[in-house]
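Chain residues, written in single-letter form:
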Amino acid sequence: MQEQPEITGGDWRGIIMPIIRTLGTVAQQAQRVQQVLPVTVAIRNISFSPRQVTSDASFHSVSFSETDHPKVLITGGLGQLGVGLAKLLRKRFGKNNVILSDIRKPPSNVFHSGPFIYSDILDYKNLREIVVNNRITWLVHYSALLSAVGEANVALARSVNITGLHNILDIAAEHGLRLFVPSTIGAFGPTSPRNPTPDLCVQRPRTIYGVSKVHAELMGEYYHHRYGLDFRCLRYPGIISADSMPGGGTTDYAVQIFHDAIKSGKFECNLKPDTRLPMMYIDDCLRATLEVMEAPADTLTMRTYNINAMSFTPEELSQELQKQMPELEVTYDVDLVRQAIADSWPMDFDDSNARKDWGWKHDYDLPELVQTMLNYFGVETRMVGAN
Ligand SMILES: NC(=O)c1ccc[n+]([C@@H]2O[C@H](COP(=O)([O-])OP(=O)(O)OC[C@H]3O[C@@H](n4cnc5c(N)ncnc54)[C@H](O)[C@@H]3O)[C@@H](O)[C@H]2O)c1
Ligand SMILES: C[C@@H](O)[C@H](N)C(=O)O
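Residues numbered from 1 in each chain as written. Chains lettered and ligands numbered in written order. Predicted model: local features only at pLDDT ≥ 70, side-chain atom pairs only at ≥ 80, totals over all residues. Heavy atoms only, no water.

## Observations concerning the packing of helix α2 (residues 82-93) against helix α9 (residues 282-294)
Angle between the axes and distance between the axes: these two values describe a pair of packed helices.
Then, number 1: Closest axis-to-axis distance for the α2/α9 pair is 9 Å, and the angle between their directions is 50°. In this view, α2 runs oblique relative to α9, as classed from their interaxial angle. Both α2 and α9 take part in a crossing whose hand is right-handed. Facing G84, L85, L88, L89, R92 and F93 of α2, the residues of α9 in contact are L286, R287, T289, L290 and E294.
Then, number 2: Each residue belonging to the contact of α2 with α9 can be placed in one class, and the counts come to six nonpolar, two polar and three charged. (Axes fitted to C-alpha atoms, helices over the stretch in contact; angles between N-to-C directions. Helix = DSSP H or I, 4+ residues; strand = E, 2+ residues; numbered from the N terminus. Parallel < 35°, antiparallel > 145°, perpendicular 65-115°, else oblique. Left-handed = near helix turned anticlockwise from the far one by under 90°. Contact = heavy atoms within 4.5 Å. Nonpolar A, V, L, I, M, F, W, Y, C, P; charged D, E, K, R; others polar.)

## Looking at the sheet that holds strand β8 (residues 238-240)
Then, number 1: The strand order across the open sheet built from three strands is β8-β10-β12, with neighbouring strands paired in mixed fashion. Strands with a single pairing partner mark the edges of an open sheet, and in this sheet they are β8 and β12 (310-312). With direction set aside, neighbouring strand axes in the sheet form an average angle of 45°.
Then, number 2: Pairing between strand β10 (residues 277-281) and β12: three bridges, direction antiparallel. When the sheet's bridge partners are listed, L277 is paired in β12 with F312.
Then, number 3: Set on the sheet, helix α8 (residues 253-264) makes contact with β8, β10 and β12; between it and β8 the angle comes to about 25°. (Pairing = 2+ DSSP bridges.)

## Brief notes about the pairing of β10
Then, number 1: Most of β10 sits inside the fold, with five of its five residues counted as buried.
Then, number 2: Neither face of β10 is open: one carries L277, M279 and Y281, the other P278 and M280, and all of them are buried. (Buried < 20%, exposed > 50% of the residue type's maximum accessible area, 1.4 Å probe, protein only.)

## Structural notes on empty space enclosed by the protein
Then, number 1: Per the stated rule, a full pass over the model turns up three cavities of 30 Å³ or more.
Then, number 2: Taken as a whole, the largest cavity holds about 70 Å³ of empty space.
Then, number 3: Contributing to the lining of the largest cavity are H141, S143, A144, V160, N161, L165, V181, S212, K213 and A216.
Then, number 4: Every element with two or more residues in the lining of the largest cavity is listed here: α6 (154-174) and α7 (208-227).
Then, number 5: Considering only residue class, the lining of the largest cavity consists of five nonpolar, four polar and one charged. (1 Å grid on protein atoms, 1.4 Å probe; cavity = no way out; pocket = protein on both sides within 12 Å on 5 of 7 lines; lining within 4 Å. Points joined across faces, edges and corners; volume = space filled by probe spheres on them.)

## Digging into the pattern of salt bridges
Where charged atoms from two side chains of opposite charge come close, those side chains can pair.
Then, number 1: Under the counting rule described, the total for this entry stands at 15 salt bridges.
Then, number 2: The partner of E217 in a salt bridge is R235, with the nearest N and O atoms 2.7 Å apart. One end of the pair, E217, is in helix α7; the other, R235, is in strand β7 (residues 230-236), with 18 residues separating them in the sequence. Both residues of the pair, E217 and R235, count as buried.
Then, number 3: The closest approach of N and O atoms between D230 and R232, which form a salt bridge, is 2.9 Å.
Then, number 4: The buried category is assigned to D230, whose relative accessible area is 0%.
Then, number 5: Exposure remark for R232: the relative accessible area of 1% places this residue in the buried category.
Then, number 6: Here the residues in one salt-bridge network are R178, D230, R232 and R303, joined through shared partners. (Salt bridge = Lys/Arg side-chain N within 4 Å of Asp/Glu carboxyl O.)

## Observations regarding the site of ligand 2
Then, number 1: The full set of residues close to ligand 2 is L146, S147, T184, I185, Y209, G249, T250, T251 and W345.
Then, number 2: Between S147 and ligand 2, the recorded distance is 2.6 Å, taken from a side-chain N or O atom to an oxygen atom.
Then, number 3: Take T250: an N or O atom from its main chain is 2.7 Å from an oxygen atom of ligand 2.
Then, number 4: If ligand 2 stood free it would expose 260 Å²; the protein chains cover 93% of that surface. (Near = heavy atom within 4 Å. Polar contact = N/O pair within 3.5 Å; in protein donor to acceptor, adjacent residues only side chain to side chain. Areas by Shrake-Rupley, 256 points an atom, 1.4 Å probe, with all protein chains shown as cover.)

Taken by themselves, the reported measurements are silent on function.
So, in C-alpha coordinates, the structure goes:
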(Lines give C-alpha, C1' and ligand atoms only; values in the text may rest on other atoms or scores of the structure.)
(Ligands and ions follow the chains in the order given, each with its own letter.)
Protein backbone atom coordinates (compact mmCIF):
# COMPACT_ATOMS: atom_id res chain seq x y z
CA MET A 1 0.00 0.00 0.00
CA GLN A 2 1.22 3.51 -0.80
CA GLU A 3 2.30 5.45 2.29
CA GLN A 4 0.20 8.60 3.00
CA PRO A 5 2.24 11.77 3.78
CA GLU A 6 1.75 12.85 7.36
CA ILE A 7 -0.06 16.18 7.81
CA THR A 8 0.96 18.16 10.83
CA GLY A 9 -1.32 20.58 12.75
CA GLY A 10 0.21 23.62 11.08
CA ASP A 11 -0.42 22.24 7.53
CA TRP A 12 -4.20 21.89 8.03
CA ARG A 13 -5.02 25.56 7.70
CA GLY A 14 -3.15 25.84 4.40
CA ILE A 15 -5.03 22.87 2.96
CA ILE A 16 -8.52 23.56 4.33
CA MET A 17 -8.89 27.30 3.80
CA PRO A 18 -8.77 27.16 -0.05
CA ILE A 19 -11.33 24.30 0.06
CA ILE A 20 -13.69 26.34 2.27
CA ARG A 21 -13.30 29.37 -0.04
CA THR A 22 -14.08 27.21 -3.09
CA LEU A 23 -17.12 25.65 -1.39
CA GLY A 24 -18.40 29.14 -0.47
CA THR A 25 -18.19 30.26 -4.12
CA VAL A 26 -19.92 27.09 -5.31
CA ALA A 27 -22.72 27.58 -2.77
CA GLN A 28 -23.27 31.19 -3.93
CA GLN A 29 -23.38 30.06 -7.56
CA ALA A 30 -25.80 27.24 -6.71
CA GLN A 31 -28.09 29.73 -4.97
CA ARG A 32 -28.06 32.01 -8.04
CA VAL A 33 -28.82 29.06 -10.35
CA GLN A 34 -31.67 27.95 -8.10
CA GLN A 35 -33.23 31.42 -8.27
CA VAL A 36 -33.41 31.35 -12.08
CA LEU A 37 -34.38 27.70 -12.52
CA PRO A 38 -37.99 26.91 -13.47
CA VAL A 39 -40.25 27.00 -10.45
CA THR A 40 -41.06 23.33 -10.49
CA VAL A 41 -37.45 22.39 -9.79
CA ALA A 42 -37.61 24.31 -6.53
CA ILE A 43 -40.53 22.41 -4.97
CA ARG A 44 -38.09 20.62 -2.64
CA ASN A 45 -36.76 24.05 -1.52
CA ILE A 46 -40.04 25.76 -0.91
CA SER A 47 -38.41 28.97 0.34
CA PHE A 48 -37.04 29.62 -3.18
CA SER A 49 -40.37 28.94 -4.88
CA PRO A 50 -42.19 32.01 -6.11
CA ARG A 51 -44.96 29.79 -7.46
CA GLN A 52 -48.40 30.98 -6.40
CA VAL A 53 -51.34 29.04 -7.74
CA THR A 54 -54.76 30.38 -6.86
CA SER A 55 -57.48 27.96 -5.83
CA ASP A 56 -59.46 28.72 -9.00
CA ALA A 57 -56.50 27.97 -11.28
CA SER A 58 -57.32 25.66 -14.18
CA PHE A 59 -55.90 22.14 -14.01
CA HIS A 60 -53.14 22.88 -16.40
CA SER A 61 -50.53 20.52 -15.09
CA VAL A 62 -51.06 17.48 -17.31
CA SER A 63 -48.60 17.73 -20.13
CA PHE A 64 -50.27 15.50 -22.72
CA SER A 65 -52.99 16.65 -25.07
CA GLU A 66 -56.48 15.22 -24.60
CA THR A 67 -56.07 13.01 -27.70
CA ASP A 68 -52.84 11.43 -26.43
CA HIS A 69 -52.77 8.48 -24.08
CA PRO A 70 -51.35 9.13 -20.64
CA LYS A 71 -48.09 7.42 -19.74
CA VAL A 72 -48.78 5.81 -16.37
CA LEU A 73 -46.50 4.70 -13.52
CA ILE A 74 -48.00 2.53 -10.77
CA THR A 75 -45.99 2.32 -7.54
CA GLY A 76 -46.39 -0.66 -5.18
CA GLY A 77 -47.87 -2.43 -8.17
CA LEU A 78 -47.36 -6.02 -7.04
CA GLY A 79 -49.86 -5.84 -4.18
CA GLN A 80 -53.52 -6.83 -4.18
CA LEU A 81 -54.61 -4.03 -6.53
CA GLY A 82 -51.74 -3.01 -8.82
CA VAL A 83 -51.62 -5.89 -11.29
CA GLY A 84 -55.38 -5.65 -11.92
CA LEU A 85 -55.17 -1.91 -12.40
CA ALA A 86 -52.28 -2.29 -14.86
CA LYS A 87 -54.38 -4.78 -16.85
CA LEU A 88 -57.32 -2.38 -17.00
CA LEU A 89 -55.20 0.65 -17.93
CA ARG A 90 -53.20 -1.28 -20.53
CA LYS A 91 -56.42 -2.35 -22.20
CA ARG A 92 -57.39 1.29 -22.45
CA PHE A 93 -54.08 3.05 -23.10
CA GLY A 94 -51.87 0.34 -24.62
CA LYS A 95 -49.52 -2.15 -23.02
CA ASN A 96 -46.39 -0.02 -23.16
CA ASN A 97 -48.06 3.08 -21.74
CA VAL A 98 -48.48 1.57 -18.29
CA ILE A 99 -45.43 0.75 -16.15
CA LEU A 100 -45.78 -1.37 -13.03
CA SER A 101 -43.20 -0.87 -10.32
CA ASP A 102 -42.40 -2.34 -6.91
CA ILE A 103 -39.48 -3.36 -4.71
CA ARG A 104 -40.39 -7.02 -5.02
CA LYS A 105 -39.53 -9.46 -7.80
CA PRO A 106 -42.50 -9.87 -10.14
CA PRO A 107 -43.87 -13.32 -10.89
CA SER A 108 -43.11 -14.40 -14.43
CA ASN A 109 -46.66 -13.87 -15.79
CA VAL A 110 -46.63 -10.26 -14.53
CA PHE A 111 -43.11 -9.64 -15.81
CA HIS A 112 -44.10 -10.82 -19.27
CA SER A 113 -47.42 -8.98 -19.43
CA GLY A 114 -45.98 -5.46 -19.83
CA PRO A 115 -43.30 -3.04 -18.62
CA PHE A 116 -42.08 -3.62 -15.07
CA ILE A 117 -39.44 -1.57 -13.29
CA TYR A 118 -37.82 -1.60 -9.82
CA SER A 119 -38.78 1.46 -7.84
CA ASP A 120 -38.40 2.13 -4.14
CA ILE A 121 -40.56 5.15 -3.30
CA LEU A 122 -38.07 6.13 -0.61
CA ASP A 123 -35.47 6.74 -3.32
CA TYR A 124 -36.35 10.18 -4.62
CA LYS A 125 -33.68 10.39 -7.32
CA ASN A 126 -34.59 7.00 -8.75
CA LEU A 127 -38.27 8.00 -8.86
CA ARG A 128 -37.40 11.20 -10.69
CA GLU A 129 -35.25 9.29 -13.17
CA ILE A 130 -38.12 6.90 -13.94
CA VAL A 131 -40.60 9.73 -14.42
CA VAL A 132 -38.23 11.69 -16.66
CA ASN A 133 -36.89 8.80 -18.74
CA ASN A 134 -40.33 7.38 -19.40
CA ARG A 135 -42.12 10.71 -19.86
CA ILE A 136 -44.68 9.74 -17.20
CA THR A 137 -47.87 11.85 -17.11
CA TRP A 138 -50.04 9.93 -14.61
CA LEU A 139 -48.82 8.47 -11.34
CA VAL A 140 -50.90 5.96 -9.38
CA HIS A 141 -49.36 5.66 -5.95
CA TYR A 142 -50.24 2.28 -4.47
CA SER A 143 -47.20 1.58 -2.23
CA ALA A 144 -48.21 1.40 1.41
CA LEU A 145 -48.20 -0.72 4.52
CA LEU A 146 -51.82 -1.61 5.36
CA SER A 147 -53.57 -1.35 8.72
CA ALA A 148 -52.62 -4.56 10.53
CA VAL A 149 -49.09 -4.78 9.11
CA GLY A 150 -48.58 -1.09 9.90
CA GLU A 151 -49.45 -1.59 13.58
CA ALA A 152 -46.87 -4.39 13.70
CA ASN A 153 -44.17 -2.11 12.23
CA VAL A 154 -44.93 1.52 12.94
CA ALA A 155 -41.50 2.89 11.99
CA LEU A 156 -41.56 1.27 8.57
CA ALA A 157 -45.20 2.27 8.01
CA ARG A 158 -44.35 5.87 8.89
CA SER A 159 -41.46 5.83 6.49
CA VAL A 160 -43.22 4.18 3.52
CA ASN A 161 -46.63 5.80 4.01
CA ILE A 162 -45.50 9.32 4.95
CA THR A 163 -41.92 9.92 3.73
CA GLY A 164 -42.67 7.95 0.57
CA LEU A 165 -45.76 10.06 -0.05
CA HIS A 166 -43.71 13.26 0.30
CA ASN A 167 -41.38 12.03 -2.46
CA ILE A 168 -44.35 11.20 -4.67
CA LEU A 169 -46.00 14.59 -4.11
CA ASP A 170 -42.83 16.49 -4.93
CA ILE A 171 -42.12 14.43 -8.05
CA ALA A 172 -45.71 14.86 -9.22
CA ALA A 173 -45.68 18.61 -8.61
CA GLU A 174 -42.28 19.07 -10.25
CA HIS A 175 -43.25 17.20 -13.38
CA GLY A 176 -46.88 18.28 -13.73
CA LEU A 177 -48.29 14.78 -13.24
CA ARG A 178 -51.88 13.81 -12.57
CA LEU A 179 -51.57 11.98 -9.25
CA PHE A 180 -53.87 9.34 -7.80
CA VAL A 181 -53.39 8.35 -4.16
CA PRO A 182 -55.89 5.94 -2.61
CA SER A 183 -57.17 6.61 0.87
CA THR A 184 -59.34 4.25 2.87
CA ILE A 185 -62.20 3.74 5.31
CA GLY A 186 -59.26 3.51 7.75
CA ALA A 187 -58.79 7.28 7.51
CA PHE A 188 -61.68 7.59 9.99
CA GLY A 189 -61.68 6.75 13.67
CA PRO A 190 -63.88 6.11 16.70
CA THR A 191 -65.02 9.75 16.92
CA SER A 192 -66.15 9.87 13.28
CA PRO A 193 -69.83 9.24 12.51
CA ARG A 194 -69.84 5.53 11.60
CA ASN A 195 -73.19 4.75 10.08
CA PRO A 196 -72.95 6.28 7.56
CA THR A 197 -69.62 8.13 7.35
CA PRO A 198 -69.77 11.24 5.13
CA ASP A 199 -66.89 12.72 3.12
CA LEU A 200 -66.34 15.59 5.50
CA CYS A 201 -66.38 14.86 9.23
CA VAL A 202 -64.05 14.35 12.20
CA GLN A 203 -61.04 12.20 11.20
CA ARG A 204 -59.05 10.99 14.19
CA PRO A 205 -57.88 7.47 13.23
CA ARG A 206 -56.03 5.39 15.81
CA THR A 207 -53.70 3.49 13.46
CA ILE A 208 -50.47 4.66 11.82
CA TYR A 209 -52.08 3.57 8.53
CA GLY A 210 -55.07 5.85 9.10
CA VAL A 211 -52.95 8.74 10.29
CA SER A 212 -50.74 8.45 7.20
CA LYS A 213 -53.79 8.37 4.93
CA VAL A 214 -55.36 11.49 6.48
CA HIS A 215 -51.95 13.11 6.04
CA ALA A 216 -51.94 12.04 2.37
CA GLU A 217 -55.43 13.47 1.79
CA LEU A 218 -54.50 16.79 3.39
CA MET A 219 -51.09 17.09 1.74
CA GLY A 220 -52.51 16.23 -1.69
CA GLU A 221 -55.26 18.80 -1.32
CA TYR A 222 -52.75 21.36 -0.05
CA TYR A 223 -50.46 20.80 -3.06
CA HIS A 224 -53.50 21.10 -5.29
CA HIS A 225 -54.46 24.49 -3.89
CA ARG A 226 -50.90 25.73 -3.42
CA TYR A 227 -49.18 24.45 -6.58
CA GLY A 228 -52.02 23.37 -8.87
CA LEU A 229 -51.12 19.68 -8.49
CA ASP A 230 -53.80 17.57 -10.18
CA PHE A 231 -54.34 15.38 -7.11
CA ARG A 232 -57.19 12.85 -7.09
CA CYS A 233 -58.01 10.57 -4.19
CA LEU A 234 -60.65 7.93 -3.47
CA ARG A 235 -61.28 6.42 -0.08
CA TYR A 236 -61.58 2.72 -0.87
CA PRO A 237 -63.56 0.30 1.31
CA GLY A 238 -62.12 -3.20 1.94
CA ILE A 239 -61.39 -4.67 -1.49
CA ILE A 240 -62.23 -8.26 -2.38
CA SER A 241 -60.40 -10.02 -5.20
CA ALA A 242 -60.02 -13.58 -6.40
CA ASP A 243 -56.70 -13.58 -8.24
CA SER A 244 -54.62 -11.46 -5.83
CA MET A 245 -54.13 -11.71 -2.09
CA PRO A 246 -54.49 -8.84 0.40
CA GLY A 247 -51.36 -7.38 1.97
CA GLY A 248 -52.13 -7.42 5.73
CA GLY A 249 -55.23 -5.38 6.42
CA THR A 250 -58.23 -5.60 8.72
CA THR A 251 -60.63 -6.53 5.92
CA ASP A 252 -58.49 -9.47 4.69
CA TYR A 253 -60.91 -12.03 6.16
CA ALA A 254 -63.40 -11.27 3.39
CA VAL A 255 -60.91 -12.58 0.80
CA GLN A 256 -59.50 -15.42 2.90
CA ILE A 257 -62.93 -16.93 3.53
CA PHE A 258 -63.27 -17.81 -0.18
CA HIS A 259 -59.86 -19.48 -0.34
CA ASP A 260 -60.44 -21.51 2.84
CA ALA A 261 -64.02 -22.40 1.91
CA ILE A 262 -62.85 -23.85 -1.39
CA LYS A 263 -59.73 -25.52 0.00
CA SER A 264 -61.07 -27.07 3.19
CA GLY A 265 -64.74 -26.18 3.63
CA LYS A 266 -63.80 -24.48 6.92
CA PHE A 267 -62.98 -20.89 7.84
CA GLU A 268 -61.81 -19.35 11.11
CA CYS A 269 -62.63 -15.65 11.14
CA ASN A 270 -60.44 -13.15 13.04
CA LEU A 271 -63.26 -10.59 13.45
CA LYS A 272 -66.47 -10.95 15.47
CA PRO A 273 -69.51 -12.18 13.51
CA ASP A 274 -71.34 -8.83 13.75
CA THR A 275 -68.47 -6.55 12.63
CA ARG A 276 -69.94 -4.46 9.82
CA LEU A 277 -67.53 -2.87 7.33
CA PRO A 278 -67.87 -1.28 3.87
CA MET A 279 -66.58 -3.56 1.08
CA MET A 280 -66.18 -3.57 -2.70
CA TYR A 281 -65.36 -6.06 -5.46
CA ILE A 282 -62.00 -5.27 -7.11
CA ASP A 283 -63.46 -4.62 -10.59
CA ASP A 284 -65.60 -1.81 -9.18
CA CYS A 285 -62.62 -0.36 -7.31
CA LEU A 286 -60.33 -0.33 -10.36
CA ARG A 287 -63.04 1.07 -12.63
CA ALA A 288 -63.72 3.86 -10.09
CA THR A 289 -60.02 4.68 -10.12
CA LEU A 290 -59.93 4.99 -13.90
CA GLU A 291 -63.17 6.97 -13.92
CA VAL A 292 -62.03 9.53 -11.39
CA MET A 293 -58.69 9.89 -13.21
CA GLU A 294 -60.53 10.56 -16.46
CA ALA A 295 -63.20 12.81 -14.95
CA PRO A 296 -63.10 16.36 -16.33
CA ALA A 297 -61.55 18.58 -13.67
CA ASP A 298 -64.57 20.86 -13.54
CA THR A 299 -66.81 17.99 -12.38
CA LEU A 300 -64.68 17.44 -9.28
CA THR A 301 -66.02 19.63 -6.49
CA MET A 302 -63.64 17.84 -4.11
CA ARG A 303 -60.29 16.13 -4.44
CA THR A 304 -60.97 13.26 -1.99
CA TYR A 305 -64.14 11.15 -2.32
CA ASN A 306 -65.64 8.22 -0.43
CA ILE A 307 -66.69 5.35 -2.72
CA ASN A 308 -68.78 2.40 -1.65
CA ALA A 309 -70.60 -0.67 -2.92
CA MET A 310 -71.90 -2.71 0.04
CA SER A 311 -71.55 -3.24 3.78
CA PHE A 312 -71.69 -6.61 5.47
CA THR A 313 -70.63 -8.56 8.55
CA PRO A 314 -68.66 -11.85 8.60
CA GLU A 315 -71.90 -13.58 9.53
CA GLU A 316 -73.76 -12.12 6.54
CA LEU A 317 -70.92 -13.00 4.16
CA SER A 318 -70.81 -16.56 5.54
CA GLN A 319 -74.57 -16.94 5.12
CA GLU A 320 -74.39 -15.74 1.50
CA LEU A 321 -71.58 -18.22 0.81
CA GLN A 322 -73.46 -21.00 2.56
CA LYS A 323 -76.32 -20.54 0.09
CA GLN A 324 -73.91 -21.96 -2.50
CA MET A 325 -71.79 -24.11 -0.17
CA PRO A 326 -74.10 -25.31 2.62
CA GLU A 327 -71.33 -27.48 4.09
CA LEU A 328 -69.10 -24.47 4.88
CA GLU A 329 -68.23 -24.28 8.62
CA VAL A 330 -67.32 -20.86 10.04
CA THR A 331 -65.80 -20.39 13.49
CA TYR A 332 -64.46 -17.28 15.22
CA ASP A 333 -61.11 -16.62 16.90
CA VAL A 334 -60.94 -12.87 17.32
CA ASP A 335 -57.66 -11.02 16.75
CA LEU A 336 -57.80 -8.19 19.28
CA VAL A 337 -55.69 -5.75 17.23
CA ARG A 338 -57.77 -6.18 14.08
CA GLN A 339 -61.05 -6.13 16.03
CA ALA A 340 -60.15 -2.83 17.73
CA ILE A 341 -59.29 -1.35 14.34
CA ALA A 342 -62.52 -2.59 12.74
CA ASP A 343 -64.58 -1.26 15.66
CA SER A 344 -63.20 2.23 15.00
CA TRP A 345 -63.93 2.22 11.25
CA PRO A 346 -67.07 3.18 9.31
CA MET A 347 -69.89 0.62 9.21
CA ASP A 348 -71.43 2.21 6.16
CA PHE A 349 -69.91 4.73 3.79
CA ASP A 350 -71.74 7.71 2.28
CA ASP A 351 -70.47 8.10 -1.29
CA SER A 352 -73.24 10.40 -2.55
CA ASN A 353 -70.76 13.10 -3.63
CA ALA A 354 -68.90 10.70 -5.95
CA ARG A 355 -72.23 9.57 -7.42
CA LYS A 356 -73.36 13.16 -7.94
CA ASP A 357 -70.12 14.72 -9.21
CA TRP A 358 -68.60 12.16 -11.59
CA GLY A 359 -71.31 9.51 -11.85
CA TRP A 360 -69.89 6.78 -9.60
CA LYS A 361 -72.02 3.65 -9.60
CA HIS A 362 -71.06 0.20 -8.32
CA ASP A 363 -71.92 -2.98 -10.22
CA TYR A 364 -71.46 -5.63 -7.51
CA ASP A 365 -73.66 -6.16 -4.45
CA LEU A 366 -73.11 -9.02 -1.98
CA PRO A 367 -74.87 -11.77 -4.01
CA GLU A 368 -73.05 -10.80 -7.27
CA LEU A 369 -69.76 -10.61 -5.39
CA VAL A 370 -70.12 -14.11 -3.95
CA GLN A 371 -71.25 -15.56 -7.27
CA THR A 372 -68.37 -13.94 -9.15
CA MET A 373 -65.77 -15.11 -6.64
CA LEU A 374 -67.11 -18.68 -6.71
CA ASN A 375 -67.26 -18.69 -10.50
CA TYR A 376 -63.64 -17.61 -10.61
CA PHE A 377 -62.53 -20.39 -8.28
CA GLY A 378 -64.79 -22.92 -9.99
CA VAL A 379 -63.13 -22.19 -13.30
CA GLU A 380 -59.69 -22.34 -11.70
CA THR A 381 -60.44 -25.65 -9.97
CA ARG A 382 -61.67 -27.27 -13.17
CA MET A 383 -58.61 -25.96 -15.03
CA VAL A 384 -56.25 -27.31 -12.37
CA GLY A 385 -58.12 -30.62 -12.38
CA ALA A 386 -57.82 -30.87 -16.16
CA ASN A 387 -54.00 -30.58 -16.11
N1 LIG B 1 -56.68 -3.54 -0.65
C2 LIG B 1 -57.57 -2.82 0.04
O3 LIG B 1 -58.53 -3.36 0.61
C4 LIG B 1 -57.40 -1.35 0.14
C5 LIG B 1 -58.43 -0.59 0.72
C6 LIG B 1 -58.25 0.79 0.86
C7 LIG B 1 -57.11 1.40 0.37
N8 LIG B 1 -56.14 0.64 -0.20
C9 LIG B 1 -54.93 1.30 -0.66
O10 LIG B 1 -54.65 0.94 -1.99
C11 LIG B 1 -53.22 0.84 -2.17
C12 LIG B 1 -52.87 -0.52 -2.74
O13 LIG B 1 -53.32 -1.48 -1.81
P14 LIG B 1 -52.92 -3.01 -1.93
O15 LIG B 1 -54.00 -3.75 -1.24
O16 LIG B 1 -52.54 -3.37 -3.31
O17 LIG B 1 -51.64 -3.04 -0.97
P18 LIG B 1 -50.61 -4.24 -0.77
O19 LIG B 1 -50.17 -4.22 0.65
O20 LIG B 1 -51.16 -5.50 -1.29
O21 LIG B 1 -49.40 -3.79 -1.71
C22 LIG B 1 -48.57 -2.71 -1.40
C23 LIG B 1 -47.30 -2.83 -2.22
O24 LIG B 1 -46.42 -1.77 -1.82
C25 LIG B 1 -45.10 -2.27 -1.98
N26 LIG B 1 -44.13 -1.47 -1.21
C27 LIG B 1 -43.85 -1.53 0.11
N28 LIG B 1 -42.82 -0.69 0.39
C29 LIG B 1 -42.45 -0.10 -0.76
C30 LIG B 1 -41.45 0.84 -1.13
N31 LIG B 1 -40.60 1.33 -0.22
N32 LIG B 1 -41.36 1.24 -2.42
C33 LIG B 1 -42.22 0.73 -3.36
N34 LIG B 1 -43.18 -0.17 -3.07
C35 LIG B 1 -43.29 -0.59 -1.79
C36 LIG B 1 -45.18 -3.70 -1.49
O37 LIG B 1 -44.09 -4.47 -2.00
C38 LIG B 1 -46.54 -4.14 -2.02
O39 LIG B 1 -46.42 -4.83 -3.24
C40 LIG B 1 -52.60 1.13 -0.81
O41 LIG B 1 -52.20 2.47 -0.76
C42 LIG B 1 -53.74 0.90 0.16
O43 LIG B 1 -53.63 1.71 1.30
C44 LIG B 1 -56.26 -0.72 -0.32
C1 LIG C 1 -59.53 -1.10 4.29
C2 LIG C 1 -58.14 -1.12 3.75
O3 LIG C 1 -57.50 0.10 3.85
C4 LIG C 1 -57.27 -2.31 3.97
N5 LIG C 1 -57.86 -3.45 3.32
C6 LIG C 1 -57.04 -2.63 5.41
O7 LIG C 1 -57.82 -3.36 5.96
O8 LIG C 1 -56.09 -2.16 5.98
